[in-house]
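# Fold and contact review
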Amino acid sequence: MAGSEIANRAGESRLPPPRPSARHAQWHWATPQAQLVLAAGDLAGILRFYRRVHGLNQTALAELLGYDKTYISALELGKRALDDIGSRRRVCEALRLPPHVLGITEPTDTDHRAMLQFGESTVRLAEIARQSGHASEAVSELWPLVARLEARVDDGHTERDVLRLLARARVGLGVALGNVLPEERLTTAARWTAKSLEIAEYFGDPGMTSYVLRMHGNELRKANLRGAAVQRLCRAVATAPDENARAAALPLLARAAGGLGNGELFDRVMRETDALLDRVDHTSLFNPFSLHEIRLRGLVSTGRTDMAMRLVEHSPVPTTVVAPQWRVIELITVAHVQLLANDTGGAAQSLDTATQEAVVQRLPHQLQRIMRTAGPRLPAQQAAASQSLDRIRSEMAA
């Protein structure tokens, strides 16, 4: 058996089993080989491909389509053709194919193609909304898109473009939920990002796999599953196909390593991050402001408070590309360091500002961080954050 065939079969073993109502519908239509067959629109080639990947003989395929074996043989040899629309539609339904493959245009198929076009725009706009501090709006946009795409896949229609869009939409939904959910529910966000891993690994696309792994790893870290987070993020770095993808994953790995208390890994990753970001332009994801927060938190988590205190004095001015939630995250981390330095006045001011911004952006997880940071030393700030969190929870439950 050829190496590529072994790899393909290994990938197929990770796929979810087909539903009983779509016994023969698996993900084979999403493979590159299938794309070539479908692009040709040749029924004979489609039938032969379907039989091969599903291990069917002509008799079994004839039973599935409602024909006899002789007719299937004639179709595959090109001696017969399906000229009527009804027969073509029946074949498409049985094989879980979009009707346009066999030249049929119908409202559901036209609507599906429009959904894919608008789906791409929805994912992009949702990411812009999240980065602009409107994560709840991103969730509202992505939730119906994900539900619709999943229904399409559950129906057996597993075209390549559907699966790739579904993977990106699930990641976007998980990350947005990671902003708007409280700590006790952050595993929900991690589960949504995890759902995209099977698709990414099936396609064998290093860029897509690295992207999904780094977003999933970061959500695991936020859910305090730090060991798993480091493992996923290490894989994201190793899988990264180029320096840009590597530069996107390394800071997240540094943050997770710091949270795990692994000072050696944290230092090594930060050194590589600094060196790499000198060579690539990745300010849209990690600019000096966000990297400063990652470094601060990592130093505190790995027991180097003195270094963190000195670093606070040299905080960079945030640029226009900093996402609003980063300002909240940084203020809380700075307040933690200020309390370690016994600067209660500075810490109180930082937490007051962070609370106000967290309320505006509806960030329950950050309000919980504020409460922990304030603790008994800053009871007024702890109470204000607690009250704000209660209001957000009440609004979410309404």
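Residues numbered from 1 in each chain as written. Predicted model: local features only at pLDDT ≥ 70, side-chain atom pairs only at ≥ 80, totals over all residues. Heavy atoms only, no water.

## Details of the overall build of the chain
In plain terms, the rule: Numbering of helices and strands runs from the N terminus; a helix is a DSSP stretch of H or I covering at least four residues, while a strand is a stretch of E covering at least two. Working definition: with a 1.4 Å probe on protein chains only, accessible area under 20% of the residue-type maximum means buried, over 50% means exposed, and in between means partly exposed. By the convention used here, residues are in contact when the closest approach between their heavy atoms is within 4.5 Å. For every accessible area listed, the method is Shrake-Rupley and the probe measures 1.4 Å; residues are considered covered only by the protein chains on display.
Each helix and strand in the chain was counted, giving 21 helices and 0 strands. Per-residue burial for the chain yields a buried fraction of 51% across its 398 residues. Across the chain, every contact between residues at least 6 apart in sequence was considered, and the portion connecting residues at least 24 apart equals 63%. Only carbon and sulfur atoms are counted for the fraction: they give 52% of the accessible area of the chain, which is about 18700 Å².

## A few points about the side chain of Arg369
Keep this limit in mind: By the counting scheme adopted, Arg and Lys are positive, Glu and Asp are negative, and His together with the chain ends is not counted. By definition, a salt bridge exists where a carboxyl oxygen of Asp or Glu is found within 4 Å of a side-chain nitrogen of Lys or Arg.
Within the secondary structure, Arg369 sits in helix 20 (residues 364-374). Glu293 provides the closest opposite charge to the buried, salt-bridge-free Arg369, at an N-O distance of 4.5 Å. Not counting residues up to four positions away in its chain, the partners in contact with Arg369 are Glu183, Glu293, Arg297, Ile329, Ile332 and Thr333.

## Some words on the pattern of salt bridges
Overall, the coordinates contain 17 salt bridges when judged by the stated rule. As a salt-bridge pair, Arg372 and Glu183 come within 2.5 Å of each other at their nearest N and O atoms. Of this pair, Arg372 sits in helix 20 while Glu183 sits in the loop between helix 9 (160-180) and helix 10 (186-194); the two residues are 189 residues apart in sequence, bridging distant segments of the chain. Of the residues examined, Arg372 reaches a relative accessible area of 53% and is grouped as exposed.

## Structural notes on the packing of aromatic side chains
The cut-off we apply is this: Geometry of aromatic contacts follows a simple scheme: Phe, Tyr and Trp rings, the Trp one being its six-membered ring, pair when their centres are within 6.5 Å, and the pair is stacked under 30 degrees between planes, edge-to-face over 60, tilted otherwise. The criterion is that NZ of a Lys, or CZ of an Arg, lies within 6 Å of the ring centre and within 35 degrees of the ring normal, and then a charge sits over that ring.
All told, the structure shown has 3 aromatic pairs when counted by the stated rule. Positioned above the aromatic ring of Phe203, the side-chain terminus of Arg164 is 5.4 Å from the ring centre. If you follow Lys195 out to its NZ or CZ, it ends over the ring of Trp192, 4.0 Å from the centre.

## Here we look at the confidence of the model for the chain
To be explicit about the condition: Residue-level confidence of the predictor, termed pLDDT, takes values from 0 up to 100.
Averaged over every residue, the pLDDT of the chain is 83; the share at 70 or more is 85%. Within the chain, helix 1 (residues 3-12) has the poorest average pLDDT of any element, 41, and helix 13 (residues 226-239) the best, 96. Low pLDDT, under 50, characterises residues 1-26; the predicted model gives this stretch 31 contacts beyond four residues in sequence or across chains.

## Brief notes about helix 4 (residues 58-65)
Keep this limit in mind: What the arc covers is the set of directions going from the helix axis to the C-beta atoms.
All of the buried residues in helix 4 are Gln58, Leu61, Ala62 and Leu65. Looking straight down helix 4, one finds its buried side chains confined to an arc of 105 degrees; they lie on one side. Here the buried face of helix 4 lies against helix 3 (43-54), helix 5 (69-76) and helix 6 (85-95).

## Brief notes about the nonpolar core
As a reminder, the rule being used: For this analysis, a nonpolar core means a set of buried residues of the types Ala, Val, Leu, Ile, Met, Phe, Trp, Tyr and Cys, connected via side-chain atoms within 4.5 Å.
Ranked by internal contacts, the top residues of the largest apolar core, which has 74 residues, are Leu145, Leu149, Leu173, Leu177, Ile199 and Leu253. Counting residues per element, this core draws most heavily on helix 9, at 12 residues. Each residue touching Leu149, except ones within four places of it in the same chain, is listed here: Met115, Leu116, Val162, Leu165, Leu166 and Ala169. Grouped together as the second largest cluster of nonpolar side chains are 24 residues, Ala34, Leu47, Leu65 and Leu82 included.

## A closer look at unusual backbone geometry
If you check the backbone angles, Asn224 has positive phi at about 65 degrees while not being a glycine. Relative to the helices and strands, Asn224 is located in the loop between helix 12 (206-222) and helix 13. Here Asn342, not a glycine, exhibits a phi torsion of approximately 65 degrees, which is positive. Residue Asn342 is classed as exposed on the basis of its relative accessible area of 59%.

## A few points about helix 16 (residues 288-301)
Spelled out, the test is: One less than the number of residues in a helix, times 1.5 Å, gives the span that helix is expected to have.
Taking 1.5 Å as the rise per residue, helix 16 with 14 residues should run 20 Å; its terminal C-alpha atoms sit 20 Å apart, in good agreement. Of all the 14 residues making up helix 16, 10 are buried; the element is thus mostly covered by neighbouring parts of the structure. Every buried residue of helix 16 is listed here: Phe289, Ser290, Leu291, His292, Glu293, Ile294, Leu296, Gly298, Leu299 and Val300. Buried residues belonging to helix 16 abut helix 14 (243-259), helix 15 (263-277), helix 17 (305-312), helix 18 (324-340) and helix 20. Looking at the residues trailing helix 16, positive phi occurs at Gly303, about 80 degrees.

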